[in-house]
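# Structural overview
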Amino acid sequence: MLDTIKGWLHRYLSDSEALVLLLLLVAGFAIILTMGNMLAPVFAALVLAFLMQGMVNCLQNRGLGHNWSVTLVFVLFVTVLVVALFLLVPLVWQQVSSLLNELPQMVTHGQAWLRELPEHFPAFISESETAAVTESINGLIAGLGQWALSFSLANLTNVMALLVYLILVPILVLFFLKDKDLLLDWIGSQLPKRRRVINQVANEMNSQIANYIRGKATEIVIVGGVSFVLFALMGLNYAVLLATLVGFSVVIPYIGATVVTIPVALIGLFQWGFGQQFTILMIAYLFIQALDGNVLVPLLFSEAVNLHPVAIIIAVLVFGGFWGFWGVFFAIPLATLLKAVMNAWPRVQDVDA
């Protein structure tokens, strides 16, 4: 057993670069696990900087200076942020409030529909089963009420956190875009001079994370926008809220699309019942999801994220459990990082060669 362990250590940790890379990975994950919430504005700013760096590069390639390119892109970013804060967010919040006010009526209607099921399908469901389901729904509603009360009591803290984000994130984005080369040079000066493996992993991850973030942002806008057009044309209630949920559901591969289907189906069902409009809604919605998975995702990401679906789901569960929302968002880049490290990790046969 000891010989096996020694052989494994000699194979994978005999190279000094491997030890440095291992220490960097351990330190990075330790920072994420212990200070991830405190550094959330920094990570949010990094995501946005990655998203906008492509536009800065495009303007520079057209002959515009670095400072002017950064200024124009940053002004565009602030404009979009202001529009979202003063138009989209209030509209979504208004529809959330309206939905919460209508929820008791929807629950009453659903319970009445459940009580009718034993009459129509006596061979499949009994009155005792419908009563148990109704009791479970009442418990969920009570829990939702307690959550809403605690949420309202914590509003002040949430508002303060939001203000911190609104102030710090744009400032950090500006510095990340303006002083990118300076920051990268400083980081490079802190690393060992002999860092072939680290450079290989960094170059691969820089390209893949940038492509992933820009592709994911584009996917959110396209899927959310197309879903809003569909919901608005059909006259579905809470079209903006549902389209926003559908758009952001693509952040969580496979799981997000499945979960967000439930509110879309329920609201359509309560609005129209099992009729022609509900059938058209679900067929069109599933068609959008199919186009997203089979056309849009391969087109946007190509082979930038070459991971098996099982690996993606495991990454979402593990990193989401450790790091919440940001763990879910960065699950694929982090899984890709681990894959890149495994591919570039120096082994004895690599050293000998």
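Computed from a prediction, not measured in an experiment: that's the story for all the values here.

### A few points about the overall build of the chain
- Looking only at helices and strands, one finds 14 helices and zero strands in the chain.
- Going residue by residue from the N terminus, the α and β elements of the chain occur as α-α-α-α-α-α-α-α-α-α-α-α-α-α.
- The buried share among the 353 residues of the chain stands at 33%.
- Put simply, 73% of the contacts in the chain that link residues at least 6 apart link residues at least 24 apart.

### Some details on the side chain of Lys 216
- With respect to the element layout, Lys 216 can be found in helix H8 (residues 196–234).
- Owing to a relative accessible area of 5%, Lys 216 belongs among the buried residues under this scheme.
- There is a polar contact of 2.9 Å between the side chain of Lys 216 and the backbone oxygen of Val 250.

### Observations regarding the side chain of Gln 289
- Locating Gln 289 in the fold gives a position in helix H11 (residues 276–301).
- Those residues in contact with Gln 289 that lie beyond four places of it in its chain are Val 246 and Ala 257.

### A few points about unusual backbone geometry
- Positive phi, normally seen in glycine, also occurs at Tyr 238, with a value near 60°.
- With respect to the element layout, Tyr 238 can be found in the loop between H8 and helix H9 (239–249).

### Some points on the confidence of the model for the chain
- Chain-level statistics for the chain give a pLDDT mean of 77 and a share of 76% at 70 or above.
- H9 holds the highest mean pLDDT among the elements of the chain, 90, whereas helix H14 (residues 348–352) holds the lowest, 47.

### Considering the pattern of salt bridges
- With the rule as written, the count across this model stands at two salt bridges.
- The shortest N-O distance in the salt bridge between Asp 179 and Lys 178 comes to 3.3 Å.
- Between Glu 219 and Lys 216 there is a salt bridge, with its nearest N and O atoms 3.1 Å apart. A residue pair is termed a helical-turn pair when its members lie 3 or 4 positions apart in one helix, as Glu 219 and Lys 216 do in helix H8 at three residues. Pair check on accessibility: Glu 219 and Lys 216 agree, each one buried.

### Quick notes on a nonpolar patch on the surface
- A contiguous nonpolar patch, built from Leu 33, Tyr 254, Val 310, Ile 313, Ile 314, Leu 317, Val 318 and Phe 322 and spanning about 770 Å² of accessible area, is present on the exposed surface.
- Secondary-structure assignment places Leu 33 in helix H2 (residues 16–35).

### Comments concerning the UniProt feature "transmembrane region" (unreviewed entry) in the chain
- According to UniProt, the feature "transmembrane region" (unreviewed entry) maps to residues 12–33, 71–93, 159–177, 220–245, 251–270, 282–301 and 307–332 in the numbering used here.
- Measuring from the first to the last C-alpha atom of residues 220–245 gives 10 Å, for a span that is 85% helix and 0% strand.
- The distance from the first to the last C-alpha atom of residues 251–270 is 27 Å, and the span holds 80% helix and 0% strand.

### Topic: the packing of aromatic side chains
- Per the stated rule, a full pass over the model turns up two aromatic pairs.
- For the pair Phe 74 and Phe 77, a centre-to-centre distance of 6.0 Å together with 45° between the ring planes defines the contact as tilted. One end of the pair is Phe 74 and the other is Phe 77, both in helix H4 (residues 66–120) and three residues apart, which spans about a single turn. Across this residue pair, the class does not change: Phe 74 and Phe 77 are buried.
- Note on Phe 274 and Phe 278: the rings are 5.8 Å apart at their centroids and 85° apart in plane angle, and the pair reads as edge-to-face.
- What makes Phe 274 exposed here is its relative accessible area of 63%.

### Observations regarding the nonpolar core
- If you look at the biggest cluster of nonpolar residues, it comprises 61 residues, and the most contacted ones within it are Val 173, Phe 231 and Phe 330.
- Setting aside residues up to four positions removed in sequence, Val 173 forms contacts with Ala 45, Leu 48, Met 52, Phe 74 and Phe 77.
- By size, the runner-up hydrophobic cluster in this structure holds six residues, among which are Leu 25, Val 201, Ala 340 and Val 341.

### Here's the deal with the packing of H9 against helix H10 (residues 255–272)
- It is at 9 Å that the axes of H9 and H10 come closest, and there the two elements cross at 165°. With respect to their mutual orientation, H9 and H10 come out roughly antiparallel. Where H9 crosses over H10, the two elements pack in a sense that is left-handed. Judged by residue contacts, Leu 242, Leu 245, Val 246 and Ser 249 of H9 engage Gly 256, Ala 257, Val 260, Pro 263, Val 264 and Ile 267 from H10.
- Residues of the contact of H9 with H10, tallied by class, amount to eight nonpolar, two polar and no charged.

### Some points on the packing of helix H3 (residues 40–61) against helix H12 (residues 309–329)
- Taken N-terminus to C-terminus, the directions of H3 and H12 make an angle of 5°; their axes are 12 Å apart at the nearest point. Relative to H12, the element H3 lies roughly parallel. Counted together, Ala 40, Phe 43, Ala 44 and Val 47 of H3 and Trp 323, Trp 326 and Phe 329 of H12 form the full contact between these two elements.
- Grouping the constituent residues of the contact of H3 with H12 by class yields seven nonpolar, no polar and no charged.

### Some thoughts on the environment of Tyr 285
- With respect to the helices, strands and loops of the structure, Tyr 285 is situated in helix H11.
- Among the residues examined, Tyr 285 registers a relative accessible area of 0% and is labelled buried.
- Distance from Tyr 285 to Ser 227, taken between C-alpha atoms, is 7.3 Å for residues 58 residues apart in sequence.
- Once you skip the residues sitting within four places of it in the chain, Tyr 285 turns out to touch Leu 230, Phe 231, Val 246, Ala 257, Val 260, Thr 261 and Val 264.

Parameters and conventions
- Residues numbered from 1 in each chain as written.
- Predicted model: local features only at pLDDT ≥ 70, side-chain atom pairs only at ≥ 80, totals over all residues.
- Heavy atoms only, no water.
- Helix = DSSP H or I, 4+ residues; strand = E, 2+ residues; numbered from the N terminus.
- Buried < 20%, exposed > 50% of the residue type's maximum accessible area, 1.4 Å probe, protein only.
- Contact = heavy atoms within 4.5 Å.
- Polar contact = N/O pair within 3.5 Å; in protein donor to acceptor, adjacent residues only side chain to side chain.
- pLDDT = per-residue confidence, 0-100.
- Salt bridge = Lys/Arg side-chain N within 4 Å of Asp/Glu carboxyl O.
- Patch = residues over 30% accessible without salt bridge, like charges linked within 9 Å, V, L, I, M, F, W, Y side chains within 5 Å.
- Areas by Shrake-Rupley, 256 points an atom, 1.4 Å probe, with all protein chains shown as cover.
- UniProt positions renumbered as here; feature names shortened; annotations may be inferred.
- Phe/Tyr/Trp six-rings, centres within 6.5 Å; stacked < 30°, edge-to-face > 60°.
- Core = buried A, V, L, I, M, F, W, Y, C linked by side-chain atoms within 4.5 Å.
- Axes fitted to C-alpha atoms, helices over the stretch in contact; angles between N-to-C directions.
- Parallel < 35°, antiparallel > 145°, perpendicular 65-115°, else oblique.
- Left-handed = near helix turned anticlockwise from the far one by under 90°.
- Nonpolar A, V, L, I, M, F, W, Y, C, P; charged D, E, K, R; others polar.

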